[in-house]
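# Architecture and fold: a report
This is what each chain is made of:
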Amino acid sequence: MHEYHSRASVHTHVSNIARPVLVVHARDDPVVPVESLPLEQMAANPNIVTAITRHGGHMGYTAGRTPLLGAWTDRILLHYLRHIMSRGATAGREAPQGSTIANILREHSKL
């Protein structure tokens, strides 16, 4: 079992990610604690953009008080993809302060 977890762990693959990846993770995720993420390795890879929010649970990024409104992460993903496609895969990793992605993350990190 230990061998399986070692091979399946994201820790051994983060440095090899060669395509743009957006990671959205909640601090209150009860299944995957934020402390278990290889944040230093993720920050060192220019292909990974990481957003850690206060709330969201495990896949619980609803747009409002009801899940019927959809997930606000869908909006972030669309803006991220537009950014990647318009600026190329080698564009800067950080969303500019006035960008829609930064605004959405700022708005929802206060929840």
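Keep in mind it's a predicted model, so treat the numbers as computed, not measured.

### Considering the overall build of the protein chain
Scanning the protein chain for helices and strands turns up four helices and two strands. Listed N to C, the secondary structure of the protein chain is α-β-α-β-α-α in terms of helices and strands. Across the 111 residues that make up the protein chain, the buried fraction comes to 25%. Long-range pairs, those at least 24 residues apart, make up 68% of the contacts in the protein chain with a sequence separation of at least 6. Accessible surface for the protein chain amounts to roughly 7700 Å². Of this, 58% is attributable to carbon and sulfur atoms.

### Overview of the side chain of Thr53
With respect to the secondary-structure elements, Thr53 resides in strand 2 (residues 48-53). A polar contact of 2.9 Å, which involves the side chain of Thr53, links it to the backbone oxygen of His55.

### Digging into the nonpolar core
Core analysis: the biggest nonpolar cluster contains five residues, these being Val14, Val34, Leu37, Met42 and Ile48. If we ignore the near neighbours within four places in the chain, the residues touching Val34 are His25, Arg27, Leu39 and Ile52.

### Quick look at the environment of Arg27
Positionally, Arg27 belongs in the loop between strand 1 (21-26) and helix 2 (39-44). You can call Arg27 exposed: its relative accessible area is 53%. For the pair Arg27 and Ile52, spaced 25 residues apart in sequence, the C-alpha separation works out to 6.6 Å. Once residues within four sequence positions are removed from consideration, Arg27 is found in contact with Val34, Ile52, Thr53 and Arg54.

### Let's talk about the pairing of strand 2
In the sheet, strand 1 pairs with strand 2 via six bridges, with the strands oriented parallel. Within strand 2, the position partnered with His25 by the bridge is Ile52. One crossover worth recording links strand 1 to the parallel strand 2 by way of helix 2, and it is right-handed.

### Remarks on the environment of Thr12
Topologically, Thr12 is positioned in the loop between helix 1 (2-8) and strand 1. Counting along the chain gives 29 residues from Thr12 to Gln41, while the straight-line C-alpha distance between them is 9.7 Å.

### A short note on the side chain of Asn47
Here Asn47 lies in the loop between helix 2 and strand 2. Judged by its relative accessible area of 17%, Asn47 falls in the buried class. Within the structure, the side chain of Asn47 is placed 3.1 Å from the backbone oxygen of Ile17, a separation counted as a polar contact.

### Description of the environment of Val10
Inspection of the secondary structure puts Val10 in the loop between helix 1 and strand 1. Between the C-alpha atom of Val10 and that of Pro38, which follows or precedes it by 28 residues, the distance is 7.8 Å.

### Considerations on a nonpolar patch on the surface
A cluster of nonpolar side chains, namely Leu77, Leu81 and Met85, defines an oily patch on the protein surface of about 320 Å² accessible area. Within the secondary structure layout, Leu77 lies in helix 3 (residues 72-87). The partly exposed category is assigned to Leu77, whose relative accessible area is 40%.

Cut-offs applied
Residues numbered from 1 in each chain as written. Predicted model: local features only at pLDDT ≥ 70, side-chain atom pairs only at ≥ 80, totals over all residues. Heavy atoms only, no water. Helix = DSSP H or I, 4+ residues; strand = E, 2+ residues; numbered from the N terminus. Buried < 20%, exposed > 50% of the residue type's maximum accessible area, 1.4 Å probe, protein only. Contact = heavy atoms within 4.5 Å. Areas by Shrake-Rupley, 256 points an atom, 1.4 Å probe, with all protein chains shown as cover. Polar contact = N/O pair within 3.5 Å; in protein donor to acceptor, adjacent residues only side chain to side chain. Core = buried A, V, L, I, M, F, W, Y, C linked by side-chain atoms within 4.5 Å. Pairing = 2+ DSSP bridges. Right-handed = clockwise from strand over helix to strand, strands pointing away. Patch = residues over 30% accessible without salt bridge, like charges linked within 9 Å, V, L, I, M, F, W, Y side chains within 5 Å. Salt bridge = Lys/Arg side-chain N within 4 Å of Asp/Glu carboxyl O.

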